[in-house]
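Chain residues, written in single-letter form:
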Amino acid sequence: MLTIATGNKAVAAAVKEVKPYVIAAYPITPQTEIVEQIAEYVTSGELDSRYIPVESEHSAMAACIGASITGARTFTATSSHGLLYMHEMVNWAAGARLPIVMANVNRAIGPGWNVWAEHTDAFQERDTGWLQVYVSTVQEAYDTTLMAFRIAEHADVILPVMVNLDGFLLSHSMQSLDTLNAGDFVPPLHLPHAIDVLNPAGYGTLTGPDEHFRFRWEIEKAMRRSRKVIAETERDFAERFGRSYGVAEEYRYEDADVVVIAMGTLGKEAEVAVDLLRNEGVNAGSLRIRWLRPFPDLDLSGREVVVIDRDYSFGFGGIIAQSLMARQRVDLYSVIAGLGGQEVTYDDIAGFVRERRPGTELWFGVNGNV
Amino acid sequence: MTEIPKEEFILKCTSACAGCPSTLILRYVLKAAGADTVLVVPACCTSVIQGIYPNTAVNVPVYNVAFAAAAACASGMSEAFQKAGKKTNVIVYAGDGGTVDIGIQALSGAFERETDFLYICYDNEAYGNTGMQRSGSTPIGARTTTTPGGKVHAKKDLDAIVAAHNPSYLATACAAYPQDLFKKVQKALTLRGSKFIHVLAPCPPGWRFSSEMTVEMGKLAVRSGLWILYESEFGKVTINGPSKAAMIKPIPIEDYLSVQGRFKGIDRKAIDALKSQAEQRAKHLQKEAEGIC
Amino acid sequence: MYEIRIHSRGGQGGVTAARLLALAAFRDGKYATACPFYGAERRGAPVVSYVRIDDRPIRVYSQIRNPDLVIVLDPSVMEVVDVLHGLKRHGKVLMNGTTTEKIHGAPAFAVDLTGIALREKLVIAGSPILNTPVLGALAKMGIISVDSAKSAIREMFSDERNVRAAEAAFQELVI
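Residues numbered from 1 in each chain as written. Chains lettered and ligands numbered in written order. Predicted model: local features only at pLDDT ≥ 70, side-chain atom pairs only at ≥ 80, totals over all residues. Heavy atoms only, no water.

Participant: For this particular structure, what's the right way to read the overall build of chain B?
Facilitator: Helix and strand counts for chain B stand at 12 helices and 8 strands. Taken over C-alpha atoms, the radius of gyration comes to 18 Å for chain B, in line with the 19 Å a tight globule of 293 residues would show. Its C-alpha atoms put chain B at 55 × 45 × 40 Å along the principal axes. Here chain B holds 293 residues, and 56% of them are scored as buried. Long-range pairs, those at least 24 residues apart, make up 68% of the contacts in chain B between residues at least 6 apart in sequence. (Helix = DSSP H or I, 4+ residues; strand = E, 2+ residues; numbered from the N terminus. Rg over C-alpha atoms; globule rule 2.2 N^0.38 Å. Buried < 20%, exposed > 50% of the residue type's maximum accessible area, 1.4 Å probe, protein only. Contact = heavy atoms within 4.5 Å.)

Participant: Help me out: how do you make sense of empty space enclosed by the protein in this one?
Facilitator: If you roll a probe as big as a water molecule over the atoms, it shows you where there is empty space left. Residue and element names in this part refer to chain B. Within this structure, the stated rule accounts for 1 cavity of 30 Å³ or more. Computed from the structure, the largest cavity encloses a volume of approximately 30 Å³. Every residue along the wall of the largest cavity is listed here: E125, A126, M132, T138, R143, T144, G206, W207 and R262. (1 Å grid on protein atoms, 1.4 Å probe; cavity = no way out; pocket = protein on both sides within 12 Å on 5 of 7 lines; lining within 4 Å. Points joined across faces, edges and corners; volume = space filled by probe spheres on them.)

Participant: Any chance you could explain the sheet that holds strand β10 (residues 248-251) of chain A here in plain terms?
Facilitator: Strand pairs in the sheet, formed through backbone hydrogen bonds, run parallel or antiparallel to each other. All names here are of chain A. The sheet built from 7 strands is open, its strands ordered β10-β12-β11-β14-β15-β16-β17 with mixed pairing. Edge positions in the sheet fall to β10 and β17 (368-369), since each of these pairs with one other strand and no more. One ladder, built from 3 bridges, connects strand β15 (residues 331-336) with strand β16 (residues 361-363); its direction is parallel. Within β16, the position partnered with I336 by the bridge is W363. Strand contacts of helix α9 (residues 264-279): β10, β11 (258-262), β12 (284-289) and β14 (304-309), with the helix running at about 175 degrees to β12, the strand carrying the most contacts. In the packing of helix α11 (residues 346-354) onto the sheet, contacts are made with β11, β14, β15 and β16, and the angle to β14 comes to roughly 140 degrees. (Pairing = 2+ DSSP bridges. Axes fitted to C-alpha atoms, helices over the stretch in contact; angles between N-to-C directions.)

Participant: Looking at this structure, how should I read the layout of surface pockets?
Facilitator: A volume near 1,100 Å³ is recorded for the second largest pocket. If you list the elements that add at least two residues to the lining of the second largest pocket, you get α5 (87-95), β9 (202-203) and α8 (209-241) of chain A together with β1 (37-42) and β2 (62-65) of chain B. Top element by residues in the lining of the second largest pocket is α8 of chain A. It accounts for 5 residues. Its residues assigned to classes, the lining of the second largest pocket shows 19 nonpolar, 13 polar and 5 charged. (Nonpolar A, V, L, I, M, F, W, Y, C, P; charged D, E, K, R; others polar.)

Participant: Any chance you could explain the packing of aromatic side chains here in plain terms?
Facilitator: The way to describe two aromatic rings as a pair is by their centre distance and the angle between their planes. Evaluated as defined, the whole model comprises 18 aromatic pairs over all chains. A ring pair is formed by Y312 of chain A and W363 of chain A, whose centres lie 6.3 Å apart and whose planes are at 35 degrees; its orientation type is tilted. In this pair, Y312 of chain A sits in the loop between β14 and α10 (319-327) while W363 of chain A sits in strand β16, placing the two residues 51 residues apart along the sequence. A residue is classified by how much of its surface remains accessible, and W363 of chain A, at 24% relative accessible area, is partly exposed. With a centroid separation of 6.2 Å and 85 degrees between ring planes, the pair formed by F117 of chain B and Y119 of chain B is classed as edge-to-face. A single burial state applies to F117 of chain B and to Y119 of chain B, both of which are buried. Ring-pair connections join several aromatic residues into one group, and the members of that group are F111, F117, Y119 and F196 of chain B. (Phe/Tyr/Trp six-rings, centres within 6.5 Å; stacked < 30°, edge-to-face > 60°.)

Participant: Mind showing me how you'd approach the interface of chain C and chain A here?
Facilitator: The accessible area lost on association of the parts is a frequent measure of interface size. Opposite the 20 residues of chain C that make contact, chain A presents 27 residues. Buried surface at the junction of chain C and chain A, both sides included, amounts to about 2,000 Å², of which 57% is carbon and sulfur. Sorting the residues of chain C by area buried against chain A places R19, R59 and Y61 of chain C first, and these three jointly supply 40% of that buried surface. The interface formed by chain C and chain A contains 4 salt bridges. R65 of chain C is paired through a salt bridge with E343 of chain A; the nearest N and O atoms lie 3.7 Å apart. For the pair chain C and chain A, the interface holds 12 residue pairs in polar contact (both at pLDDT 80 or more). When contributions to the side of chain C that touches chain A are tallied by element, the ones reaching two or more residues are α1 (14-27) and β2 (31-37) of chain C. Residue classes in the side of chain C that touches chain A are distributed as 11 nonpolar, 4 polar and 5 charged. (Buried area = accessible area lost by both parts, 1.4 Å probe. Salt bridge = Lys/Arg side-chain N within 4 Å of Asp/Glu carboxyl O. Polar contact = N/O pair within 3.5 Å; in protein donor to acceptor, adjacent residues only side chain to side chain.)

Participant: Honestly, the pattern of salt bridges in this entry has me stumped. Any pointers?
Facilitator: Residues and elements named next belong to chain A. Under the counting rule described, the total for this entry stands at 56 salt bridges over all chains. Here R327 and D297 are joined by a salt bridge, their closest N and O atoms 3.4 Å apart. Placement of the pair is R327 in helix α10 and D297 in the loop between β13 (291-293) and β14, with a sequence separation of 30 residues. Take R327 and D297: they sit in the same class, and that class is exposed.

Participant: Hey, could you run me through the environment of A25 of chain A in this one?
Facilitator: Residue and element names in this part refer to chain A. Tracing the sequence through the fold places A25 in strand β2 (residues 22-25). When the C-alpha positions of A25 and S59 are compared, they lie 9.4 Å apart, and in sequence the two are 34 residues distant. Setting aside chain neighbours within four positions, we find A25 in contact with V35, Y51, I52, P53, V54 and T76.

In structure tokens:
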């Protein structure tokens, strides 16, 4: 059905389509609209899920973990401080190999209080064993949430997936949305290690170094296998519903000499900058990274690269820029921009490209040339 | 006498200390609950007692979870079982640190939501697993590794906190009275909603008494009136037999304190505080049992 | 791309007006986005919302700097906000009220949305509802079709007085 919706409502609509058994809900700006909309669905009977209004985000993830280990499909949503408050359980969910899906509405971390977009919240969870994907439109938020359940629950993966959308910029923006009848696109969940009282087992008991190491290696293997599952899921989605995104979305990329790399809504805005630059005769292209984990294999050889990080690692730099440089030799200009909802226009992005100084780092708007 | 099933759910060769009350309590809890049961266990002695992967000494599924998370984890599990049409008992088995301190937020939330589960706090009055540090449940005057001069604050009134959530069932029990414990677990599991049992767990290494004295220590706690056995079904309070007798003629609390190394050197002031707390508590419960308050 | 900036105060329905307008444009077969700019403001503080309408997918998320149209739902914000800031050379202004005398240097139109809302008794918590009647005025200005304005209102509100208010604004606005 064609309608228009906010990013938050698109996520809620996708959740309704896959009918989780259990949904844990705790409000936090700018995510709250997701759990409010799901509460409406559950109250009206449109969605037959158990809705647990927990008393904290730590408990939200704990409740999802308790439900998931019985073999139930589960969902929760959070943002910023909520995500950090549940950090312990975020690790637990992946370590316990539970295919929980969570929407995270990216927001800066205090102090001071700032409710606007920044990716640092989710980046602080990047080493937990969760798959992470970042979306840029309302439709993509919907489609990706559907795909997230299928990828998380796939027998070759069985890991949690975090769907990230930019606070306010996307969570509260209204755009067109084509909701789907997903049919059997997301098959029923079969959790191989679900609790079975007829076959009792201990979960998470004391574990020695050898076994601990082996479990971590199993997660790494699953993370590597997930690349193929993501590709298959995207392919099947495209065949059924006619839309695809890829691990990274390319725009005028093929023949580009200089490439802008960004995530989320900045990745879309960058496309407009590319058009501007092309009109000026600059052979620009853009690449919007969607999957942060598993990190995509990008071949950037022979091109200049301008990376816009809406995140930082103090004393290290923009995390995407540093991650790319760790993997390949590339002439890269690192820009930290958009923190705490800082306004970054397509003109600004075109400016980063025009005034690029490969090998250096810019903290945009604060005379932060390093 | 209640017929207690012969079936054992705690297998031989646990990693528990000799004379461990936690294992004893869990043995009777599981006998009462039966095989269609899942335990949710936050960090506590029982995390260790189960044994080391891939072995386990508990013959029902045990979900070990982070320290603060037990009641919330059980909330999700309980809802998921209900959604799947299963009647599996969900029982949290948590120590006092995981209940009165770090786990109390999740506990409060789960009880406020009337989660259909049984929460059992086995209370050895300190962080036992980490080597006996004070918890909110450590009584005044007790020496722990973080209160080497004796604890200066009173034991947190966990039962009053839980009672304030109006649970469908609330009871206290003691490792020394397994019949009483068994019956309480059985009764709790027949009721819907949130149920709570607070079990005193005299801990030989922690309280510093010899390991064959566990049951005796529990009996002294009850007879001295420092631990009162009672139950409250939908708010109606009944004081159980051993504590009724103790209220009529308690033994001196010094008989209980003097046999434990942790109370060595306890001063008069702390003893008086313990006494007056015990008396007040007994009075309050008697009034409640008579329906006066 | 046609870009619209809506000035109002928190609680007056500026955000909903933006969403209704985007929905109506979408029903016209256009691409549209509504991006409210959220501050930490509470009820009563000046707020802005943005609407973009285009024939192609919209990829811009940043704030509108140079609007084609400025809508002022609450003229009192003009005491603290320069509502004409960045207005395009041939940009227009739509005012809630009976006069455009405070607007200089741009074509301005006025319609008494507050009066219409009060006549239709469209009042919530003491505030007249402005976001549905404004759609009638925007239809009159040719930014959206009348049919789409009505269908957008009906999709979001069941009370038919909202449609009547929009019709009244359509009638009363003099172009």
